[in-house]
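The lines below spell out each chain.
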Amino acid sequence: MAPPNPNAQRYSPTMMWDSIPLFQFGDMQEIIQNFVRVHVDAPGMEEGAPVFPLGYQYPSLDQLADMIPCILQYLNFSTIIGVGVGAGAYILSRYALTHPDTVEGLVLINIDPNAKGWMDWAAHKLTGLTSSIPEMILGHLFSQEELSGNSELIQKYRNIITHAPNLDNIELYWNSYNNRRDLNLERGGAVTLKCPVMLVVGDQAPHEDAVVECNSKLDPTQTSFLKMADSGGQPQLTQPGKLTEAFKYFLQGMGYMASSCMTRLSRSRTASLTSAASIDGNRSRSRTLSQSSESGTLPSGPPGHTMEVSC
């Protein structure tokens, strides 16, 4: 956990995250300096983790979500803003469904809320006969176009995964993800995310259809959908600047960082929105996040205590 900055204006006691390179991006520092940040690893995913013994029963994603209350209790955190990618996004969503009062907001990148169907299961088994675990994971992370291009980013991640000393642990986590249960989200139903949500996916990413479907199942007044062009399967790696800006809008819509300076792009968007409001004379406020193809209004009002989490 990063030590608090005594000179920063504190908006929140805590922030939790995974080792997402997005948080190392320069422009992100304006955001994270206002939060205490905590990193959560799934079991066996931490750097230097020993390999689990043969026959080890790895926790399901539901069980991993059930571990979060213990973490919050240990750290004495009351509420969180969660940031998760892939399996981490699913885990945080599962937690938010069972503990809605402790989640102020979620940023979910590449979330797939659905369990694998029989066709998906069969395809996965068939692929496993002809492809190695590293190649299967790369196919999950990146689009076929990206893999065919074999860019420096692809080569880097292929090398990291292939030579990971805890590859056996990664395979166990991978299997748990592929055996996940359906979140059973339903717009207007009893099972839905009740907090503000920002969904993020890259255009033509492997998870694009799943994220679009997830967006259709959430409350449109609480959900912003950001589909990023030219970002591939991992927008937090390929478009950190645009995603950081969208993240800032999301936090501002929740009542945080109201005095934060705007970029040239955000000033241009604000001017455009203000002009449109003055024409019809009926709008009292505009949406904070404007880089989405399907956005709902984000709530205003005084912010509560917050933590940002990802797994």
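In the block above lies the structure referred to throughout.
Predicted, not measured: the structure shown is a model, and the values here were computed from it. (Residues numbered from 1 in each chain as written. Predicted model: local features only at pLDDT ≥ 70, side-chain atom pairs only at ≥ 80, totals over all residues. Heavy atoms only, no water.)

When helices and strands are counted, the protein shows 13 helices and 8 strands. Among the 311 residues that make up the protein, the fraction classed as buried is 47%. With the model as given, the accessible surface of the protein reaches about 15,400 Å², and the carbon-plus-sulfur share is 53%. (Helix = DSSP H or I, 4+ residues; strand = E, 2+ residues; numbered from the N terminus. Buried < 20%, exposed > 50% of the residue type's maximum accessible area, 1.4 Å probe, protein only. Areas by Shrake-Rupley, 256 points an atom, 1.4 Å probe, with all protein chains shown as cover.)

Among the nonpolar cores identified, the biggest contains 35 residues, and Leu106, Leu108, Ile111, Tyr173, Val197 and Leu199 are the most heavily contacted of them. Those residues in contact with isoleucine 111 that sit more than four places away from it in its chain are Ala89, Tyr90, Ser93, Leu183, Leu199, Ala210, Val211 and Cys214. Core analysis: the second largest hydrophobic core is formed by 22 residues, Ile31, Ile32, Leu243 and Tyr256 among them. (Core = buried A, V, L, I, M, F, W, Y, C linked by side-chain atoms within 4.5 Å. Contact = heavy atoms within 4.5 Å.)

This part takes up the pairing of strand β5 (residues 197-202). Counting buried positions along β5 gives 6 out of 6 residues, so the element sits mostly inside the fold. Residue alternation in β5 divides its side chains into two sets, Val197, Leu199 and Val201 and Met198, Val200 and Gly202, and both sets are buried. Both strand β4 (residues 103-109) and β5 contribute to a ladder of 4 bridges, which runs parallel. Counterpart to leucine 108 in the pairing with β5 is leucine 199. (Pairing = 2+ DSSP bridges.)

In this section: the pattern of salt bridges. In the structure shown here, the tally under the stated rule is 7 salt bridges. A salt bridge links glutamate 30 to lysine 248, with the shortest nitrogen-to-oxygen separation between them at 2.9 Å. Taken together, the residues span a long stretch of sequence, with glutamate 30 in helix α1 (residues 29-32) and lysine 248 in helix α12 (residues 240-253) at a distance of 218 residues. The exposure class assigned to glutamate 30 is partly exposed, which follows from its relative accessible area of 22%. Notably, a salt bridge pairs arginine 158 with glutamate 135, separated by 3.0 Å at the nearest N-O pair. (Salt bridge = Lys/Arg side-chain N within 4 Å of Asp/Glu carboxyl O.)

This brings us to the packing of helix α3 (residues 68-75) against helix α4 (residues 87-98). Following both chains from N to C, one finds α3 and α4 inclined at 80 degrees, their axes separated by 11 Å at the closest point. Classified by the angle between their axes, α3 and α4 sit roughly perpendicular to one another. Along its contact with α3, which presents Ile68, Pro69 and Leu72, the element α4 presents Ile91, Leu92 and Tyr95. Counted by class, the contact of α3 with α4 contains 6 nonpolar, no polar and no charged residues. (Axes fitted to C-alpha atoms, helices over the stretch in contact; angles between N-to-C directions. Parallel < 35°, antiparallel > 145°, perpendicular 65-115°, else oblique. Nonpolar A, V, L, I, M, F, W, Y, C, P; charged D, E, K, R; others polar.)

The buried count for strand β6 (residues 223-228) comes to 5 of 6 residues, which makes it a mostly enclosed element. The sheet contact formed by β5 and β6 spans 6 bridges and is parallel. Directly across from methionine 198, in β6, lies its bridge partner serine 224. Tracing the backbone out of β5, into helix α10 (residues 208-216) and back to the parallel element β6 gives a crossover that is right-handed. (Right-handed = clockwise from strand over helix to strand, strands pointing away.)

What follows deals with the packing of helix α6 (residues 133-141) against helix α9 (residues 167-178). Contact geometry of α6 with α9 gives a least axis separation of 11 Å together with a crossing angle of 50 degrees. One element, α6, and the other, α9, form an angle in the oblique class. Crossing of α6 against α9: the hand is left-handed. Residues Ile133, Pro134, Met136, Ile137 and His140 of α6 form the contact with α9, whose participating residues are Leu167, Ile170, Glu171, Trp174 and Tyr177. Per-class residue counts for the contact of α6 with α9 are 8 nonpolar, 1 polar and 1 charged. (Left-handed = near helix turned anticlockwise from the far one by under 90°.)

Next up on the list: unusual backbone geometry. Phi is positive for asparagine 110, which is not a glycine, with a value near 60 degrees. Considering the arrangement of structural elements, one finds asparagine 110 in the loop between β4 and α5 (118-130). By relative accessible area, asparagine 110 is classed as buried at 1%. In this structure, asparagine 184 is a non-glycine residue whose phi angle is positive, near 55 degrees. By secondary structure assignment, the location of asparagine 184 is in the loop between α9 and β5.

Turning our eyes to something else, we now look at the environment of isoleucine 111. Take isoleucine 111: it is sitting in the loop between β4 and α5. As a C-alpha pair, isoleucine 111 and alanine 210 span 99 residues in sequence and 7.0 Å in three-dimensional space.

Right, let's talk about the environment of leucine 147 for a bit. Summarising the element assignment, leucine 147 is placed in helix α7 (residues 144-149). Along the backbone, leucine 147 and arginine 158 are 11 residues apart, and their C-alpha atoms lie at a distance of 9.9 Å. Excluding its chain neighbours within four sequence positions, the residues that come into contact with leucine 147 are Leu138, Gly139, Phe142, Ile154 and Arg158.

This paragraph deals with the packing of aromatic side chains. The geometry of an aromatic ring pair is captured by two quantities: the separation of the ring centres and the angle between the planes. By the definition in use, this model includes 5 aromatic pairs. Centre to centre, the rings of phenylalanine 52 and tyrosine 56 are 4.0 Å apart; their planes meet at 10 degrees, and the pair counts as stacked. Measuring from centroid to centroid gives 6.4 Å for tyrosine 56 and tyrosine 58, while their planes differ by 75 degrees, and the two rings are edge-to-face. By relative accessible area, tyrosine 56 is classed as partly exposed at 32%. A residue is classified by how much of its surface remains accessible, and tyrosine 58, at 5% relative accessible area, is buried. Directly above the ring of tyrosine 177 sits arginine 180, whose terminal nitrogen or CZ lies 4.2 Å from the centroid. (Phe/Tyr/Trp six-rings, centres within 6.5 Å; stacked < 30°, edge-to-face > 60°. Lys NZ or Arg CZ within 6 Å of the ring centre and 35° of its normal.)

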